[in-house]
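Listed below are the residues making up each chain.
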Amino acid sequence: MEQERKAGCECCHRTKERSDKEYKDLIHRLNRIEGQIRGIRGMVEKDVYCPEILVQVAAVNAALNSFNKVLLANHIRTCVAEDIREGKEETIDELVKTLQKLMK
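Sequence order as written defines the numbering, with residues in each chain counted from 1. In keeping with the model being predicted, local features are shown solely for residues with a pLDDT of at least 70 and side-chain atom pairs are shown and tallied solely at 80 or more, while totals for entire chains, interfaces and linings include all residues. Where side-chain values are given, they derive from all heavy atoms of the structure, hydrogens and water being excluded.

Section: helix α3 (residues 50–85)
Phase 1 of the analysis: Secondary structure elements are defined from DSSP: runs of H or I of at least 4 residues count as helices, runs of E of at least 2 residues count as strands, and each element is numbered from the N terminus. Every helix has an expected span of 1.5 Å times one less than the residues it contains. Spanning 36 residues, α3 covers 51 Å between terminal C-alpha atoms, matching the ideal 52 Å at 1.5 Å per step.
Phase 2 of the analysis: Contact partners of the buried residues in α3: α2 (20–45) and α4 (90–102).
Phase 3 of the analysis: Phi for Gly-87, located one or two positions after α3, is positive at around 85°. Contact criterion: two residues are considered in contact whenever any of their non-hydrogen atoms come within 4.5 Å of each other.

Spelled out as structure tokens, the structure:
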């Protein structure tokens, strides 16, 4: 599985090697979110009352926010910290831009 994750276009984009634990946690979270989205779709297909759907949408939003927090924390602890140690100050600008996009 790890070899499959490393396959990609490294010449065009930066990549991130994640530990198996981090990878499995993120994938597990995304699988749950995907299931929630399918559930919402099913509710719409069954003409469920709007407030019930809205509650489920709020739950998905909370799950996505939680995913973002975990991913951002991991990014800061690993990529950002490593780049700063290596003197790559531009990483701070990248982090600031990312945070600005997340706070829209």
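Quick look at the pattern of salt bridges
Phase 1 of the analysis: Salt bridge criterion: a side-chain nitrogen from Lys or Arg within 4 Å of a carboxyl oxygen from Asp or Glu. One pass over the full model with this rule turns up 7 salt bridges.
Phase 2 of the analysis: The salt bridge involving Glu-34 is made with Arg-38; its shortest N-O contact spans 3.5 Å. Of the two residues, Glu-34 and Arg-38 are both situated in helix α2; the distance of 4 residues between them amounts to about one turn of the helix.
Phase 3 of the analysis: Throughout this description, buried means an accessible area under 20% of the type-specific maximum (1.4 Å probe, protein chains only), exposed means over 50%, and partly exposed covers the range between. When its relative accessible area of 43% is taken as the criterion, Glu-34 is described as partly exposed.

Observations concerning the nonpolar core
Phase 1 of the analysis: Membership of the largest hydrophobic core is limited to 9 residues, which are Leu-26, Ile-33, Ile-40, Met-43, Ile-53, Val-60, Ala-63, Phe-67 and Val-70.
Phase 2 of the analysis: Elements represented by at least two residues in this core include exactly α2 and α3.
Phase 3 of the analysis: If one sorts the elements of this core by residue count, α3 sits on top with 5 residues.
Phase 4 of the analysis: Residues within four places of Ile-33 in sequence aside, it is in contact with Val-60, Ala-63, Leu-64 and Phe-67. Nine residue types can take part in a nonpolar core, namely buried Ala, Val, Leu, Ile, Met, Phe, Trp, Tyr and Cys, and a core is a set of them joined through side-chain atoms within 4.5 Å.

Some words on unusual backbone geometry
Phase 1 of the analysis: For Asp-47, which is not glycine, the phi dihedral falls at a positive 55°.
Phase 2 of the analysis: Assignment of secondary structure puts Asp-47 in the loop between α2 and α3.

A short note on the packing of α2 against α3
Describing two packed helices takes the angle between their axes plus the distance from one axis to the other.
Phase 1 of the analysis: Where helices are involved, their axes are fitted lines through C-alpha atoms of the stretch in contact, as for all axes, and angles between N-to-C directions lie from 0 to 180°. Remark: α2 packs on α3, axes separated minimally by 10 Å, with the N-to-C direction vectors making an angle of 165°. By the angle between their axes, α2 is roughly antiparallel relative to α3. Once α2 is placed against α3, the crossing between them reads as left-handed.
Phase 2 of the analysis: Of the residues that constitute the contact of α2 with α3, the class distribution is 16 nonpolar, 4 polar and 4 charged. Should an angle fall under 35 degrees it is called roughly parallel, over 145 degrees roughly antiparallel, and 65 to 115 degrees roughly perpendicular, with every other angle called oblique. Crossing chirality is assigned from the near helix's rotation relative to the far helix, an anticlockwise turn below a right angle marking it left-handed and a clockwise turn marking it right-handed. Only Asp, Glu, Lys and Arg are considered charged in this grouping, and only Ala, Val, Leu, Ile, Met, Phe, Trp, Tyr, Cys and Pro are considered nonpolar; every other residue, Gly among them, is considered polar.

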